[in-house]
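So you can see what is in the structure, the chains are spelled out below.
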Amino acid sequence: EALRNLSTSDFGLLSSVFRLSQNKLTFAAEFYIDTMSRYVSPSILAADFNYLAKEIEKVNNSKAGWIHCDVMDGVFVPNISFGVPVIKAVARVAKKPLDVHLMIVEPAKYIDKFCSLGIDILTIHQEASQYLQRAVFQIKENGVKAGVSISPHTPVNVLSEVIADLDVILIMSVNPGFGGQSFIENTYRRVGEVKEMILKTRSNALIQVDGGVNLENAGKLFDAGVDILVTGTTIFKSGDPVKMVDKLLTSK
Ligand code: DX5
Ligand code: ZN
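Residues numbered from 1 in each chain as written. Chains lettered and ligands numbered in written order. Predicted model: local features only at pLDDT ≥ 70, side-chain atom pairs only at ≥ 80, totals over all residues. Heavy atoms only, no water.

Among the residues of helix α10 (residues 241-249), those classed as buried are P241, M244, V245, L248 and L249. On an axial view of α10, the arc spanned by its buried residues comes to 135°, and they lie on one face. Buried residues along α10 sit in contact with β1 (39-42), α3 (52-60), α8 (218-224), β8 (228-231) and α9 (233-236). (Buried < 20%, exposed > 50% of the residue type's maximum accessible area, 1.4 Å probe, protein only. Helix = DSSP H or I, 4+ residues; strand = E, 2+ residues; numbered from the N terminus. Arc of directions from axis to C-beta. Contact = heavy atoms within 4.5 Å.)

Ordered by their spatial adjacency, 8 strands build an open sheet running β1-β8-β7-β6-β5-β4-β3-β2, and the pairing between neighbours is parallel. Both edges of this open sheet fall to β1 and β2 (67-72), since each of them pairs with a single strand only. Mean inter-strand twist for the sheet, computed between neighbouring axes without regard to direction, equals 25°. In this structure, strand β6 (residues 168-172) lies alongside strand β7 (residues 206-210), joined through 5 bridges in parallel fashion. By the bridge assignment for β7, I169 is matched with I207. The strands touched by helix α6 (residues 132-141) are β4 (121-125) and β5 (145-150); relative to β5, the strand with the most contacts, the crossing angle is about 145°. (Pairing = 2+ DSSP bridges. Axes fitted to C-alpha atoms, helices over the stretch in contact; angles between N-to-C directions.)

Membership of the largest hydrophobic core comes to 63 residues, with the highest contact counts inside it found for I44, F114 and L122. Y39, I121, L206 and I228 belong to the second-largest nonpolar core, a separate cluster that totals 6 residues. (Core = buried A, V, L, I, M, F, W, Y, C linked by side-chain atoms within 4.5 Å.)

Quick look at the layout of surface pockets now. For the second largest pocket, the calculated volume is near 320 Å³. As for the second largest pocket, its lining consists of 27 residues, of which F178, G179, G180, G211 and G212 are closest to the centre. Mapped onto the lining of the second largest pocket, the elements with two or more residues apiece are β2, β3 (98-103), β8 and α9. When grouped by side-chain class, the residues that make up the lining of the second largest pocket number 11 nonpolar, 14 polar and 2 charged. (1 Å grid on protein atoms, 1.4 Å probe; cavity = no way out; pocket = protein on both sides within 12 Å on 5 of 7 lines; lining within 4 Å. Points joined across faces, edges and corners; volume = space filled by probe spheres on them. Nonpolar A, V, L, I, M, F, W, Y, C, P; charged D, E, K, R; others polar.)

Remember that side chains alternate between the two faces of the sheet whenever the strand is regular. Burial analysis of β2 places 6 of its 6 residues in the buried class, which makes it a mostly covered element. As paired elements, β2 and β3 share 6 bridges and run parallel to each other. Of the residues in β3, the one forming a bridge with D70 is H101. With respect to chirality, the unit in which β2 leads through helix α4 (residues 84-93) into the neighbouring parallel β3 is right-handed. (Right-handed = clockwise from strand over helix to strand, strands pointing away.)

The next point concerns the site of ligand 1. Near ligand 1 there are 20 residues, and of these D70, G177, D210, G232 and T233 occur at the shortest range. One of the backbone N or O atoms of G212 is found 2.8 Å from an oxygen atom in ligand 1. One can see that ligand 1 is located within the second largest pocket. Of all the elements in the fold, those that place two or more residues in the shell around ligand 1 are β2, β3 and β8. If one sorts the elements of the shell around ligand 1 by residue count, β2 sits on top with 3 residues. (Near = heavy atom within 4 Å. Polar contact = N/O pair within 3.5 Å; in protein donor to acceptor, adjacent residues only side chain to side chain. Sits in = over half its atoms within 2 Å of the grid points.)

Pasting the structure below:
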């Protein structure tokens, strides 16, 4: 809130103090995300769908930064999860920014639709996008933050021509399609590579990691430069999501 009330010159001063470009701080202000901090985005794929509203209420009452919604089409990934009706229902009860991860082919066809559902971040896969740069701008033109995700086999340099335009880079630490998989260890190296690209291009992109995140690797990932950790199983199968979010945020 304080950031919102700053005068433009104080805002400029603050951005230089934090060595951040203005729009990174703006992004931070809009999302109350202080880029020096740690954030968790619980994936509802692991939630109990018999009580989805209750599960989201637990996240609303936690220190989670965003709510992660995994949309899967059974073509881009060998699994089908949920789509527009569920995102609409989640948007009605969520009190945190909605972070939608499209694991679908031809995502550009659905950008306008998903952006119209009251979501805050829309992430598409580089591997599924023939015209990635155009799709990123289509998301931004809808007033939604644009994310691009890369699967574990995709070299990070595929992002080099769009990185300056991105708000979020989602590095998959499992092969997309399922919750409950094991973390792929070379993710740490890839986080470092993306961090370097961000600094070199003066991009404002936040780094997000998704898949197999737990109390063993969360601290190390944050220390490696990750801004937001997505985790489903660790939170929703913990018995106490509110406490687990705290543990992840303070993990060493
Ligand atoms: C996998 C999804 C992830 C997954 C995370 O394709 O993108 O968000 O739901 O689940 P866990 O934390 O259980 O690996
Ligand atoms: Zn995801």
